[in-house]
Amino acid sequence: MTQLEKVHAQFIAEFGEAPSFIVRAPGRVNLIGEHTDYNDGFVFPLAIDRAAWIALRPRADATVCAISLDMDDRRQFALDDLRRPAELKWIDYLTGVAWALAERGYALRGWEGVLAGDVPIGSGLSSSAALELAAARAFHCVSGFEWDAAAIALACQAAENEWLGVKCGIMDQMISAAGVQNRALLIDCRSLETDAAPLPDESAVVILDTGTRRGLVDSAYNERREQCEAAARHFAVKALRDIDSPSFAARAHELDALSRKRARHVITENDRTLRARDAMNADDAALLGQLMIESHISLRDDFEVSSPALDAIVDCANADEACYGARMTGAGFGGCAVALVNAEGARSFVERVSACYIAATGNQPALYVTRACRGAETVFP
Ligand code: ADP
Ligand code: MG
């Protein structure tokens, strides 16, 4: 049963009639451009074929009532009495989106519905952004406000930052809102301008979940952000985005060794990400793969956010004949890597890399071939 069929059938079982709307919003994987979003830089994710789904109908009162099939839980809240959570639960993602939209002047109406998803939770594919965008789309359906992908993404990011207390850049919400089928999306995280580029012909994107989860990620993430901000202050620019590689090379010696490495990652990564667009437009899978390999080395050695498990799975992938290039993806310290592979060899790549990784680490990985899908949308009616 697909997620669509599941929320549709469960909605009928719960409410005794067909839903008025079914919405979906995808998770994402970032091909290249890591730890650049909060430096006002460039990222290059794609929306994946895994998503959060909600089947719903409007309510006459200002109440939201949601049933999570994955959590086997039912919760409700009043739109005129939103409470900030003491301890995060799934419903707080919905409350947070309601709060952020209302703060921005959207007039919200109540709804009730059934929610399910197949973005793995906590593996770095952003099940949280998928849930936020699906919730925003549900509010859009019943409230009738205009859907501007960038504005909605900003509201959902605010929900995550200010309501849920999770620091994150704009990438996850933006790609879940604005993903394009069969395209990766270059996002300028300062202007929120996007440029959709086709993945190379005959290539496939494989997600490689190490099966390890991020520990200590929040404090390390905050530390990296602060180091980047300090380096930007040193160069008297708004963000590291404002320094190109040649000017950095000329002045890098002014920074202490650690700050230099951190800044060098961000500045060279922005460069690689823009070159990745050229590689895609030239249908050059080999060059795109090479840029991904260089990105991993920079994340591992300069930004120091990889882990032994991520390095092991990336090494297995890069040693494989079907692979153009692989790198860790997401915040790091565990979670997933991403590989660009030859489409024909993708199935056997998955088998060989799984075996290689198990032999190297003893961990059980999960590898899946994915494809680029559309961002948040109403699929029914
Ligand atoms: P991720 O890296 O997947 O975004 P987060 O910790 O940021 O991990 O967000 C995961 C949280 O989002 C879950 O703990 C849960 O509260 C919520 N969530 C995500 N997907 C679902 C879902 N399908 N059903 C209910 N809650 C979900
Ligand atoms: Mg998240």
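Predicted model, so just to flag it, every value in this text is computed and none were measured.

Core analysis: the biggest nonpolar cluster contains 84 residues, and Leu31, Leu46, Leu94, Leu101, Trp111, Phe139 and Ile152 have the highest contact counts within it. If you tally residues by element for this core, the top one is helix 3 (residues 127–143), at ten residues. For Ile152, the residues in contact, after removing those within four places along its chain, are Leu101, Tyr106, Leu133, Ala136, Phe145, Glu146 and Trp147. Grouped together as the second largest cluster of nonpolar side chains are 40 residues, Ala231, Leu255, Ala309 and Phe349 included.

What follows is about the pattern of salt bridges. For the structure shown, the criterion picks out 27 salt bridges. The salt bridge partner of Glu377 is Arg24, with a shortest N-O separation of 2.8 Å. Placement of the pair is Glu377 in strand 13 (residues 377–380) and Arg24 in strand 1 (residues 21–30), with a sequence separation of 353 residues. Of the charged contacts in the structure, one is a salt bridge between Arg59 and Asp61, with a shortest N-O distance of 2.8 Å. According to the relative accessible area criterion, Asp61 is partly exposed, its value standing at 34%. Taken together, the shared-partner salt bridges in this structure form one network comprising Glu17, Arg57, Arg59, Asp61 and Glu112.

Looking now at the sheet that holds strand 5 (residues 73–78). Strand order in the open sheet formed by six strands is 5-4-6-3-1-13, and the pairing between neighbours is mixed. Among the strands making up the open sheet, the edge pair consists of strand 5 and strand 13. In this sheet, adjacent strand axes meet at a mean angle of 30 degrees when their direction is disregarded. Contacts from helix 3 reach strand 1, strand 3 (45–58), strand 4 (63–68), strand 5, strand 6 (111–117) and strand 13, with the element oriented near 150 degrees to strand 1. Contacts from helix 5 (residues 171–178) reach strand 1 and strand 3 within the one sheet, and its direction differs from that of strand 1 by about 130 degrees.

Time to look at the site of ligand 1. Ligand 1 sits among 15 residues. The nearest are Asp70, Trp90, Gly122, Ser127 and Ser128. Here Asp70 contributes a side-chain N or O atom positioned 2.9 Å from a nitrogen atom of ligand 1. Contact between ligand 1 and Gly122: an oxygen atom at 2.8 Å from a main-chain N or O atom of the residue. Notes on ligand 1: free accessible area 570 Å², of which the protein chains cover 83%. One can see that ligand 1 is located within the largest pocket. Secondary structure elements with two or more residues in the shell around ligand 1: helix 2 (90–103) and helix 3. Sorting elements by how many residues they give to the shell around ligand 1 places helix 3 first, with three residues.

Further remarks concern the state of the cysteines. Per the stated rule, a full pass over the model turns up one disulfide. The partner cysteine of Cys316 in its disulfide is Cys356, sulfur to sulfur 2.1 Å. Handedness of the Cys316-Cys356 disulfide follows from its S-S torsion of about -80 degrees: it is left-handed. Pair noted here: Cys316 is in helix 10 (residues 308–318) and Cys356 is in helix 11 (residues 346–361), with a separation of 40 residues, a long-range link. On the accessibility criterion, Cys356 (34% relative accessible area) is partly exposed. For the unlinked cysteine Cys141, the closest cysteine sulfur is that of Cys156, found at 14 Å.

Summarising burial for strand 3: eleven of the 14 residues are buried, a large majority. Sheet topology note: the strand 1/strand 3 ladder contains nine bridges and is antiparallel. Across the sheet, Phe21 pairs through a bridge with Leu56, a residue of strand 3.

In space, the four strands of this open sheet follow the order 10-11-9-12, with antiparallel pairing throughout. Here the strands that pair on one side only, and so sit at the sheet edges, are strand 10 (323–328) and strand 12 (366–370). Neighbour-to-neighbour, the strand axes of the sheet open up by a mean angle of 20 degrees, direction not taken into account. Its contacts with the sheet place helix 9 (residues 285–301) against strand 10 and strand 11 (336–342), and it is angled at close to 25 degrees to strand 10.

Moving on, we get to the packing of aromatic side chains. Here the structure, examined in full by the defined rule, presents six aromatic pairs. With a centroid separation of 5.7 Å and an interplanar angle of 75 degrees, the aromatic rings of Trp111 and Phe139 are classed as edge-to-face. Placement of Trp111 in strand 6 and of Phe139 in helix 3 is noted, with a sequence separation of 28 residues between them. The two residues Trp111 and Phe139 agree in class, both being buried. Residue placement shows Arg24 over the ring face of Trp53; its charged tip is 5.9 Å from the ring centre. The cationic tip of Arg224 hangs over the ring face of Phe303; the distance from NZ or CZ to the ring centre is 6.0 Å.

Conventions used here
Residues numbered from 1 in each chain as written. Chains lettered and ligands numbered in written order. Predicted model: local features only at pLDDT ≥ 70, side-chain atom pairs only at ≥ 80, totals over all residues. Heavy atoms only, no water. Core = buried A, V, L, I, M, F, W, Y, C linked by side-chain atoms within 4.5 Å. Buried < 20%, exposed > 50% of the residue type's maximum accessible area, 1.4 Å probe, protein only. Helix = DSSP H or I, 4+ residues; strand = E, 2+ residues; numbered from the N terminus. Contact = heavy atoms within 4.5 Å. Salt bridge = Lys/Arg side-chain N within 4 Å of Asp/Glu carboxyl O. Pairing = 2+ DSSP bridges. Axes fitted to C-alpha atoms, helices over the stretch in contact; angles between N-to-C directions. Near = heavy atom within 4 Å. Polar contact = N/O pair within 3.5 Å; in protein donor to acceptor, adjacent residues only side chain to side chain. Areas by Shrake-Rupley, 256 points an atom, 1.4 Å probe, with all protein chains shown as cover. 1 Å grid on protein atoms, 1.4 Å probe; cavity = no way out; pocket = protein on both sides within 12 Å on 5 of 7 lines; lining within 4 Å. Sits in = over half its atoms within 2 Å of the grid points. Disulfide = S-S within 2.5 Å. Phe/Tyr/Trp six-rings, centres within 6.5 Å; stacked < 30°, edge-to-face > 60°. Lys NZ or Arg CZ within 6 Å of the ring centre and 35° of its normal.

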